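# Reading the structure
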Amino acid sequence: GRYRWQTIRPLRSPYLSTAGTWEEFWKGTSQRFKKTVRNVRNRLDKTGTVSIEEHRAVAPDSPAFADLLAVSERSWKARRALAIANMPGMAQFFRELTSHASARGWLRLWIMRLDGLPVATEYQLEADGRVHALRADFDAAVPSDLSPGTHLAAEIVRELFGRESVYEYD
């Protein structure tokens with residue numbers, strides 16, 4: 001009774017149902033979407049060797065976690081002190097979350113590399129068939145027309161459609 005409160009409308013959070021196949025999903029997307037995804041992939045392929053990694057158990061002192069921080073330090077968020085690497089308390093929070101999520105089988109850390117250099121990341125938690133993307137970053141030094149974040153997101157979605165244990169990407 002002492003605190004002010006108000007009723008608000010429910011929040012809506014978009015998500016992607018991964019029921020069905022990648023091919024069915026792809027067929028249902030617009031020509032513009034398909035063209036964007038293909039163009040990004042083609043530009044990246046012409047630039048260098050692209051690789052995508054998924055890490056499910058990561059130690060806070062591991063090379064994979066260091067790559068997460070490195071991409072974060074080079075992202076546009078770093079200039080505004082909103083990055084995992086430089087927002088006060090954020091790196092420590094993600095170190096602890098990474099330890100706990102790895103131990104429980106929830107962690108999904110995706111890293112996209114261009115010629116071996118990490119250029120994009122997505123940090124996710126997965127539980128009960130739902131994948132929750134908590135943070136995504138890309139290296140701001142990579143030319144914007146290469147769109148590493150877009151490519152990584154498309155590859156993650158493609159991979160999630162192939163998993164029977166996942167039905168929702170949030």
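Look up a bit, the structure's there.
Keep in mind it's a predicted model, so treat the numbers as computed, not measured.

Now for the sheet that holds strand β5 (residues 130-138). Strand order across the open sheet formed by six strands is β1-β6-β5-β4-β3-β2, with mixed pairing between neighbours. The open sheet has two free edges, formed respectively by β1 (16-17) and β2 (50-55), since each of these has just one partner strand. Sheet topology places strand β3 (residues 107-114) next to strand β4 (residues 117-127); eight bridges connect them, and they run antiparallel. Within β4, the position partnered with Met112 by the bridge is Ala120. Relative to the sheet, helix α3 (residues 63-73) contacts β2, β3, β4 and β5, its axis offset from that of β4 by approximately 115°. The sheet contacts of helix α5 (residues 90-104) involve β3, β4 and β5, and relative to β4 the element is tilted by about 55°.

Quick look at empty space enclosed by the protein now. The final tally for this structure, using the stated rule, is one cavity of 30 Å³ or more. By volume, the largest cavity amounts to about 30 Å³. Secondary structure elements with two or more residues in the lining of the largest cavity: α2 (31-47) and α6 (148-161). Among the elements that make up the lining of the largest cavity, the one with the highest residue count is α6 (four residues).

Analysis parameters
- Residues numbered from 1 in each chain as written.
- Predicted model: local features only at pLDDT ≥ 70, side-chain atom pairs only at ≥ 80, totals over all residues.
- Heavy atoms only, no water.
- Pairing = 2+ DSSP bridges.
- Helix = DSSP H or I, 4+ residues; strand = E, 2+ residues; numbered from the N terminus.
- Contact = heavy atoms within 4.5 Å.
- Axes fitted to C-alpha atoms, helices over the stretch in contact; angles between N-to-C directions.
- 1 Å grid on protein atoms, 1.4 Å probe; cavity = no way out; pocket = protein on both sides within 12 Å on 5 of 7 lines; lining within 4 Å.
- Points joined across faces, edges and corners; volume = space filled by probe spheres on them.

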